[in-house]
Amino acid sequence: MKHHPTRHSAAERHVLSTVPRSVARQPVVLDPAGDPYARVAVEAYAEACAHEQPWLAEALQRQYQLGGGTPSSAAALWRAFHEAQRLAREGQSYDEAAWTHVALHLCGVLGAMNL
């Protein structure tokens with residue numbers, strides 16, 4: 001695996017320069033029990049690395065008690081929603097407000113399910 005240096009815009013460099021080094025070096029811990037986005041993020045990462053690094057996908061599934069080798073319905077729903085929205089944007093009758101309305105309700109339903 002090659003390392004490619006990350007290039008940041010001037011605005012990104014400014015934001016990064018304002019973050020204290022001690023904060024920037026702290027590990028990030030995902031908490032699926034307290035963060036509604038954490039489970040979806042971990043599932044997406046496990047799914048993405050499963051082919052090339054199955055050991056890592058399995059470790060993530062065990063650590064975060066994911067359901068087997070398949071993503072949860074929440075992760076699948078969000079991916080389907082965003083793909084549908086992307087396709088709709090290509091059409092002539094795309095309505096951002098309508099898509100935002102649906103996204104908010106979907107978020108509420110998934111949050112209520114406590115995924």
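Per-chain numbering applies: the sequence of each chain, read as written, is numbered from 1 onward. Where local features are concerned, this predicted model is filtered to residues with pLDDT of at least 70; where side-chain atom pairs are given and counted, the filter is 80 or more; whole-chain, interface and lining totals use all residues. Only hydrogens and water are set aside; all other atoms, that is, all heavy atoms of the structure, feed into the side-chain values.

Undergrad: What exactly am I supposed to notice about the overall build of the protein chain here?
TA: Numbering goes from the N terminus for both helices and strands, where a helix is a DSSP run of H or I of at least four residues and a strand is a run of E of at least two. A tally of helices and strands in the protein chain yields six helices and zero strands. Along the protein chain, from the amino end to the carboxyl end, the secondary structure elements read α-α-α-α-α-α. Three labels apply to residues, based on accessible area from a 1.4 Å probe with only protein chains included: buried if under 20% of the type maximum, exposed if over 50%, partly exposed otherwise in between. Of all 115 residues assigned to the protein chain, the portion counted as buried reaches 20%. Excluding contacts between residues fewer than 6 apart, the proportion of contacts in the protein chain whose partners are at least 24 apart in sequence is 48%. Working definition of accessibility: Shrake-Rupley area with a 1.4 Å probe, residue cover restricted to the visible protein chains. Surface accessibility of the protein chain: about 9,200 Å² in total, with carbon and sulfur atoms responsible for 59%. Note on contacts: a residue pair qualifies if any of its non-hydrogen atoms lie within 4.5 Å across the two residues.

Undergrad: I keep staring at the packing of aromatic side chains and nothing clicks. Help me out?
TA: Between two aromatic rings, the relevant description is the distance of the centres plus the angle of the planes. Pairing of aromatic rings covers Phe, Tyr and Trp, the last counted by its six-membered ring, and requires centre-to-centre distances within 6.5 Å; plane angles under 30 degrees mean stacked, over 60 mean edge-to-face, and any other angle means tilted. Following the criterion strictly, the structure yields two aromatic pairs and no others. Three or more aromatic residues joined by ring pairs make a cluster, and in this case those are Phe81, Tyr94 and Trp99.

Undergrad: What should I look at first to understand the pattern of salt bridges in this one?
TA: A side chain with one charge may pair with a side chain of the opposite charge, provided their charged atoms come close. For this analysis, a salt bridge means a side-chain nitrogen from Lys or Arg found within 4 Å of a carboxyl oxygen belonging to Asp or Glu. In total, this model carries three salt bridges according to the counting rule given. One salt bridge connects Arg86 with Glu83, and the closest N-O pair in it is separated by 2.7 Å. With Arg86 and Glu83 both in helix 5 (residues 73–89) and three residues apart, this pair spans about one turn of that helix. Residue Arg86 is classed as partly exposed on the basis of its relative accessible area of 39%. We note a salt bridge from Glu96 to Arg89, for which the minimum N-O separation is 3.5 Å.

Undergrad: What is the right way to read the packing of helix 3 (residues 38–49) against helix 4 (residues 54–63) from this model?
TA: Packed helices, taken two at a time, are described by the angle their axes make and the gap between the axes. Think of each axis as a best-fit line through the C-alpha atoms, taken over the contacting stretch in the case of a helix, with angles from 0 to 180 degrees between the N-to-C directions. Close contact between helix 3 and helix 4 brings their axes to 8 Å; oriented N to C, the two are set at 155°. Relative to helix 4, the element helix 3 lies roughly antiparallel. Where helix 3 crosses over helix 4, the handedness of that crossing is left-handed. Residues Val42, Tyr45, Ala46 and Cys49 of helix 3 lie in contact with helix 4, whose contacting residues are Pro54, Leu56, Ala57 and Leu60. Split by residue class, the contact of helix 3 with helix 4 holds eight nonpolar, no polar and no charged. Throughout, the term roughly parallel applies to angles under 35 degrees, roughly antiparallel to angles over 145, roughly perpendicular to angles from 65 to 115, and oblique to all others. Crossings are assigned a handedness: left-handed for a near helix turned anticlockwise from the far helix by less than a right angle, right-handed for a clockwise turn. Note on residue classes: Ala, Val, Leu, Ile, Met, Phe, Trp, Tyr, Cys and Pro are nonpolar, Asp, Glu, Lys and Arg are charged, and everything else, Gly too, is polar.

Undergrad: Just checking my understanding: could you explain helix 3 for this structure?
TA: One turn of the α-helix equals 3.6 residues, which is why residues spaced by three or four share an orientation. To estimate how far a helix should reach, multiply one less than its number of residues by 1.5 Å. Taking 1.5 Å as the rise per residue, helix 3 with twelve residues should run 16 Å; its terminal C-alpha atoms sit 17 Å apart, in good agreement. Along helix 3, the residues classified as buried are Ala38, Arg39, Val42, Glu43, Ala46 and Cys49. Down the axis of helix 3, the smallest arc covering the buried residues is 140°, so these residues share one side. It is the directions from the helix axis to the C-beta atoms whose arc is reported.

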